Structure formats: C-alpha cells, structure tokens
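Residues per chain are reported as follows:
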There are 2 protein chains.
Amino acid sequence: MTFDGPVAILAGSGQLPVQLVAHLKRTGQDHRVLAFRGFAASELRQHADATVDLLDLKSIMQALENWSPAAVTLVGAVSRPGFSALLGAYSLLRNRQEVKDVIARGDDQVLRGAVMLLEERGHRVIGAHELAPDLVAPLTLRGRIYPSEDDWQAIRVGLDVLGALSAFDIGQATVIAGQRVLAIEGPEGTDRMLRRVGRQRQTWLGLRRRREGGVVVKAAKHGQDLRVDMPAVGPRTVTEAARAGLSGLALGAGSTLVLEQDETIRTADRLGLFLTVVDLPWMEAKRA
Amino acid sequence: MTFDGPVAILAGSGQLPVQLVAHLKRTGQDHRVLAFRGFAASELRQHADATVDLLDLKSIMQALENWSPAAVTLVGAVSRPGFSALLGAYSLLRNRQEVKDVIARGDDQVLRGAVMLLEERGHRVIGAHELAPDLVAPLTLRGRIYPSEDDWQAIRVGLDVLGALSAFDIGQATVIAGQRVLAIEGPEGTDRMLRRVGRQRQTWLGLRRRREGGVVVKAAKHGQDLRVDMPAVGPRTVTEAARAGLSGLALGAGSTLVLEQDETIRTADRLGLFLTVVDLPWMEAKRA
C-alpha cells in the first residue's frame, strides 16, 4: 500500500519498527517516526522526527497534528505501564470509569483504546502488515528441515489450544510436546515462555539444551485486531526455541510477521529446527 | 470410607501424603506406606513400611502383593522423570509403542497409565479425597475477607479459561486480573506460576509485592480423574498469591484439596487475601 502523504510510525521497542522504517525508505514511502523514550531502539531514536514519553498524550497528538499523516501505525512492544500512570494520562481525555474498564480488560483492549482515540481524532490507523506486506509470513516460507509426523500432530494440538483460548486476552503462542501442553504464552512474551520451557526440562532431566522435541506454535487469535498486536518472530525466537530443546516453529499464515526472514530461516537451518507456516482454520473462515 | 483391610499409600512429595497418613492414624484405618525415595517427605520416610525408587516397578508390585491392600492411593507429586527412564521401566511390563504413546500424551495420561497397570493387577485404586473427605474444600470454607465485585468477575473469567482448556493436558490454575489472563499453569505447578506473575508485575511497575489485585482460580478440569491428580493448596499457596500481589484465591468445590485448612485460612486472613470456594459448572453437570 502506498500513500500520497506521509505515514506516521509510533515506534516501541524491538526490531519491527526498525525494519518497517527500512522498508519505507527502500520503497520511497514518505514517513515520520515518533519514538517512545525508553522503548524505541537507539538506531531508530537517532533518526526519529520526535521522541516522546509513552504517556505524554498531549505531545503525541501535537506531533500528529503537525504532520497530518495519511495513516498512523503503532508498532513494537511497549511494556504495560503501571495502572495508575495509564489511568492518569488517559483520563485527561476521556471518562475515567470507561478508561478503567478498558484497562481492566487487558492489553488488547488498551491498545484498541489507543486506536479508538486516534480514530476519533480523524486519523486512519493501519497495521504494519499493510505498510510492509513483505514482512508477513507467506505459506511458502520454510527452512530446509521439514516437520515429522509427530511434529504435525503437535502443531494441530497447538492450533486447537490457541483456538480454544481466542476468546480470552492471553498470548498468541503455545509449546506442545506430543499432545502435552508445556506452556501457554502470557504477557511475558514468546522468548520468556521458551526460556521457561527450557528451565522446566532442565529440572526433569538434569540436562540442559538437550533436544527433546516439541514445537512452538505462534499465530494471531481469532478476531485479533492485527493493527495493534500482530505476532512477530525473528532469529532470536529460533535461537530460544533451540535452547528449549524444541524441534521447530509453526507460524500462522498471513497473520505473523517474520523479521529478517533470510536470517531467521538460516538460523533455523543451522540449529536443525524446522520452520513452517500453517494455514489457520479461523483465518480461512474469515476469508471465505 | 473405611476398609476392612489395610489401604496402601504410594507417597510422593509434599504435605498431602503426610496429612493423609495422619488422617488415617486418627480415624484408626489400617494402612501401609510406600515412600518414593527422593520424593516423600522425611517425616513420612521415617515411618514408611517400604521405601523404593519411583521407577522400580518390580519392588512396588512386590510390596503391594505382600500387603494385599483393600485399596491403593497414589498421592503427592512426583516430578516427571526423563522420558527414556520411564520408557525403560514401563517397557518391562507392556508394549513399548503403547507406553511411548501414553507418555507423549502427558502427565495425566502417564498417571492414568499407572492406575491402569495397578487395576490390571487386581488392585482397587482410589483417590485421597475418598480416604479423607475432610481434606476436600467444602463450599462453606472461607476466610474473613470476601471477594469484591471485580474479584467475582475475574473468578468467572478464570473458570471460563479452565473450562475452555479442559480438553487439553495443561494446568489446573490460572491467574486473572480484571478480564486479563496473567498466567495459565503449565507443568511448573501453581507456586511457580504465581512467582512468575510476581516477576511480571515487578517489571511493569518497578515495584515488588505491591497489591495490584487479581485472583488465582484453581479447580479440577472437566473429566479429570481425581484419583491421580487432584488439585491441592495449602498455606504456601496463599503466601505465594500474596507475594504476586493478588487479592485472593478461588477453589473449585468438591474437587480441590486444602491442606492444613485452619492454617491456610489463618494465613489468608493475616495477609489480607480472600479465600473462597466456588461451584464448578462442569461438576454440577456431572452430579445432575
């Protein structure tokens, strides 16, 4: 998608904002970067058009007003700030009880609240996947190693678990070994979940980093607003999966961002893990 | 329930076997204790009739043959031994591929496999709750503090999450704050899950042990075999919940063991947490 005016990137932490901006530069799309202090990567902050505190809504809105962007994207992680800090900042703008309700409902809802706020101010909010479709995992993406029959069975269990949980505000990834659920991602994120699995196995086996098998399945939930919280993986996810003794990764097609795709695949090949992209039953239904 | 002959207690770690044996002594029920080396509490091992290795199936079966118990109970945690160790031990008795399948399916299935094995040898396997109904959380159990409206809402979300996951071999507890799922218990157990929630909050808030609210909901799953893996809590669970900044605990009625009930309630009262027992929709259905 290309836009006549500039697009505004509200950038949190991680590699996604960095790669998204690189993509926009490559494709010649005019853009402005608003970096969140304490979150955005330093390489991004150096070239940011504005650097603001996450909760300084007044400065954020002011910057957007100055830029008059054709579209706005919220991208990268921002650790959940304290409840009262959030409450104070949002309350400048909206009914206190309503804000409290939104925050209580969870991460997704907080981010949806932010999207709503931007839309009320007349901004068009889009997802990173709309600006840079190249970053989205295509069904054809895969490494040299292919999942075994056991791996496919575990992948199916993983998709069932994510499907059963899609009504709840909880993670987008799960680790399955055999038919056993070793972990479900909470607010800690995929990397920490994988480290947890590694620690559990260390206890059981008295051994570290032994390849015990199992897969991590990561995909957008049923009904998830991809504009605010699209699952993303990169080379580090593969490394953590290897350390947890897993045999590979399965990613939801069309709804997962793969950062540094070449390097991610190379890492999987080098560490002996499969990386495969699977169609999601619930995304199918949506498309039909 | 009382038995004419002795009942055999196969004892793993934790306070549950200790309290169960104390209960049997109090009620005058004849019993024999088989303690698993490296798992059973030392106070239990001192009075055990036999102490054996977890995987020494031959000695276990021999002891049971000598005692001719009226019933057998498996009680207390046994950390999952390594796959190959388990495979080797079970394979002495049964088809190798079948054993492998059972192990791949998860903890519940491994324990059910052990129950099956005992039943095939003619033993009657019962649950700790059948031997000591006093240990089971009754609907009337509660502390001095009562859940707020918000807490009740979180409890309902927690029951929904456990309900949605009951088809899978995964934990029996979840932590909910508002409508947000902070954690789902995996093989690590309730205490470690609570510590994880505490750590997450530390990151978000830069503060430790601040009371932020949220509840832990713990209950048997739909269709769970209570003989092999009944959820249990005690004073330590309450302490960990307080450290994680939660406001209280909700336990499934009739399907959760509460160890040291008086001390557990006292701890909750002292730390300012509610402790309440809730009816489970799926247990209702079973009873009807």
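Shown above is the structure to which this text applies.
Cut-offs applied
Sequence order as written defines residue numbering, which begins from 1 separately in each chain. Ligands are numbered from 1 and chains lettered from A, in the order in which they are written. The model is predicted, so local features are restricted to residues of pLDDT at least 70 and side-chain atom pairs to those at 80 or more, both for listing and for counting; the totals for chains, interfaces and linings are taken over all residues. Values shown for side chains rest on all heavy atoms present in the structure; no hydrogens or waters enter the calculation. Strand pairing is assigned whenever DSSP detects at least two bridges linking the two strands. Counting from the N terminus, the helices are DSSP H or I runs at least four residues long and the strands are E runs at least two residues long. Axis geometry follows a simple rule: fit a line to the C-alpha atoms, using only the stretch in contact for helices, then measure angles between N-to-C directions, giving values from 0 to 180 degrees. Whether two residues are in contact is decided by their heavy atoms, any of which lying within 4.5 Å being enough. Throughout, the term roughly parallel applies to angles under 35 degrees, roughly antiparallel to angles over 145, roughly perpendicular to angles from 65 to 115, and oblique to all others. Crossings are sorted by hand: turned counterclockwise from the far helix by less than a right angle, the near helix makes the crossing left-handed, and turned clockwise it makes it right-handed. By the convention adopted, Pro, Cys, Tyr, Trp, Phe, Met, Ile, Leu, Val and Ala count as nonpolar, Lys, Arg, Asp and Glu as charged, and the other residues, Gly among them, as polar. Accessible area is worked out with a 1.4 Å probe on protein chains only. A residue is then buried under 20% of its type maximum, exposed over 50%, and partly exposed in between. Residues belong to one nonpolar core when they are buried, are Ala, Val, Leu, Ile, Met, Phe, Trp, Tyr or Cys, and are joined through side-chain atoms within 4.5 Å. For the purposes of these results, a polar contact is taken to be a pair of N or O atoms within 3.5 Å, where, inside protein, one atom must be able to donate a hydrogen and its partner to accept one; residues adjacent in sequence count only when each atom of the pair is a side-chain atom. Any Lys or Arg side-chain nitrogen found within 4 Å of a carboxyl oxygen on Asp or Glu counts as a salt bridge.

Asker: Tell me about the sheet that holds strand β1 (residues 7-11) of chain B, residues and numbers included.
Answerer: Residues and elements named next belong to chain B. Strand order across the open sheet formed by four strands is β3-β2-β1-β4, with parallel pairing between neighbours. Either end of the sheet is taken by a strand with one partner, and the two such strands are β3 (50-52) and β4 (71-75). Between one strand and the next, the sheet's axes are offset by a mean angle of 20°, whatever the strand orientation. Relative to β4, β1 runs parallel, the two sharing five bridges. From the neighbouring strand, leucine 10 faces β4, where its bridge partner is leucine 74. In the packing of helix α3 (residues 57-67) onto the sheet, the strands contacted are β1, β2 (31-36), β3 and β4, and the crossing angle to β2 comes to about 175°.

Asker: Mind laying out the packing of helix α10 (residues 235-243) of chain B against helix α11 (residues 261-271) of chain B, listing which residues take part and the relevant values?
Answerer: All names here are of chain B. Packing of α10 against α11 brings their axes to within 8 Å, and their N-to-C directions diverge by 20°. One element, α10, and the other, α11, form an angle in the roughly parallel class. Considering the relative orientation of α10 and α11, their crossing is right-handed. For the pair α10 and α11, contact is made by Pro235, Val238, Thr239 and Ala242 and by Glu263, Thr264, Thr267, Ala268 and Leu271, respectively. A breakdown of the residues in the contact of α10 with α11 according to their chemical character gives five nonpolar, three polar and one charged.

Asker: I'd like to hear about unusual backbone geometry, residue by residue, with values.
Answerer: The general pattern is negative phi for most residues beyond glycine and trans for most peptide bonds. Residue and element names in this part refer to chain A. For glutamate 260, which is not glycine, the phi dihedral falls at a positive 45°. Within the fold, glutamate 260 resides in the loop between β10 (257-258) and α11 (261-271). Residue glutamate 260 is classed as partly exposed on the basis of its relative accessible area of 32%.

Asker: Can you explain the nonpolar core? Please cite residues and give values.
Answerer: Counting residues in each nonpolar core, the largest one holds 40 residues, and the members touching the most others are Val161, Leu165 and Ile184 of chain A together with Val161, Leu165 and Ile184 of chain B. Of all the secondary structure elements, the ones that give two or more residues to this core are α8 (149-164), β6 (180-184), β7 (215-218) and β11 (274-278) of chain A together with α8 (149-164), β6 (180-184), β7 (215-218) and β11 (274-278) of chain B. Residues contacting isoleucine 184 of chain A, with those up to four places away along its chain left out, are Val161, Leu165, Ile170, Ala173, Thr174, Met193 and Arg196 of chain A together with Leu165, Ile170 and Ile184 of chain B.

Asker: Please give an account of the environment of valine 216 of chain A that cites residues and values.
Answerer: Residues and elements named next belong to chain A. Checked against the element boundaries, valine 216 lands in strand β7. The exposure class of valine 216 is buried, given its relative accessible area of 2%. Linking valine 216 and alanine 241, residues 25 residues apart in sequence, is a C-alpha distance of 7.4 Å. When residues no more than four places from it in sequence are discounted, the contact partners of valine 216 are Ala173, Thr174, Val175, Met193, Leu194, Ala241, Leu246, Gly248, Leu249 and Ala250.

Asker: Got a sec to walk through the side chain of arginine 196 of chain B? Specific residues and values, please.
Answerer: Turning to its location among the elements, arginine 196 of chain B is positioned in helix α9 (residues 190-205). Within polar-contact distance, the side chain of arginine 196 of chain B engages the side chain of glutamate 188 of chain B at 2.5 Å. In this view, arginine 196 of chain B contacts Glu188 and Arg196 of chain A together with Ala183, Ile184 and Glu188 of chain B; residues no more than four positions away in its chain are not counted.

Asker: Mind laying out the pattern of salt bridges, listing which residues take part and the relevant values?
Answerer: A full pass over the atoms with the stated rule returns 16 salt bridges over all chains. Notably, a salt bridge pairs glutamate 188 of chain A with arginine 196 of chain A, separated by 2.5 Å at the nearest N-O pair. Close ionic contact of glutamate 240 of chain A with arginine 195 of chain A constitutes a salt bridge, the shortest N to O distance being 3.2 Å. Separated by 45 residues along the polypeptide, glutamate 240 of chain A in helix α10 (residues 235-243) and arginine 195 of chain A in helix α9 (residues 190-205) bring together distant segments of the chain. In this structure glutamate 240 of chain A comes out as buried when scored by relative accessible area, which is 7%. Overlapping salt bridges bring together Glu188 and Arg196 of chain A together with Glu188 and Arg196 of chain B as one network.

Just distances and angles here, no functional claims.
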